[in-house]
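# Breakdown of the fold
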Amino acid sequence: MQPIDWRPISVSFSTTVNPGLDWEFTPVQKSVDVVPGETCLAFFTAKNNSSRVITGISTYNVTPYEAGAYFNKIQCFCFDEQTLNPGEELDMPVFFYIDPEFVYDPD
């Protein structure tokens, strides 16, 4: 896929953690600028603050909802469960692109 000649789009990352999961989960970078069609690699950090092994899985959403159709994950930690040992901290990648068709959507 080739980037198109268009202005960069700012993609912001935010996180929440289920209150029953004793993890910290944060984006390494709060936002990235990406040109439609260009691939981008972003990272999130998870830390198990408990004294036991915990397995979790991420879900994601895109807002505004209509933009979700153009957000394409090539590889993501959210595809699989993640198991962290007590006190373990892990950087987890998401590799994505914004579909170039985004620029032609009037909405």
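Before going into details, it helps to say that this report is about the structure given with it.

Once that is clear, we can look at the sheet that holds strand E2 (residues 23-27). Whether parallel or antiparallel, the strands of a sheet pair through hydrogen bonds between backbone atoms. In spatial order, the strands read E2-E4-E8-E6; together these four strands make up an open sheet with antiparallel pairing. Edge strands, defined here as strands with exactly one partner in the open sheet, are E2 and strand E6 (71-76). Going across the sheet, the axis of each strand differs from the next one's by a mean of 30°, ignoring polarity. Of the strand pairs in this sheet, E6 and strand E8 (residues 89-98) are connected by five bridges, and their pairing is antiparallel. The residue of E8 that forms the bridge with Lys73 is Phe96.

Our focus in this paragraph is the state of the cysteines. Scanning the model with the defined rule gives one disulfide in all. Across the disulfide, Cys76 is cross-linked to Cys78 (sulfur-sulfur distance 2.3 Å). With the S-S bond torsion at 125°, the cross-link from Cys76 to Cys78 turns out right-handed. In this structure, Cys76 and Cys78 share a single accessibility class: buried. Looking at Cys40, it has no disulfide partner, and the nearest cysteine sulfur is the one in Cys76, 12 Å off.

Parameters at a glance
- Residues numbered from 1 in each chain as written.
- Predicted model: local features only at pLDDT ≥ 70, side-chain atom pairs only at ≥ 80, totals over all residues.
- Heavy atoms only, no water.
- Pairing = 2+ DSSP bridges.
- Helix = DSSP H or I, 4+ residues; strand = E, 2+ residues; numbered from the N terminus.
- Axes fitted to C-alpha atoms, helices over the stretch in contact; angles between N-to-C directions.
- Disulfide = S-S within 2.5 Å.
- Buried < 20%, exposed > 50% of the residue type's maximum accessible area, 1.4 Å probe, protein only.

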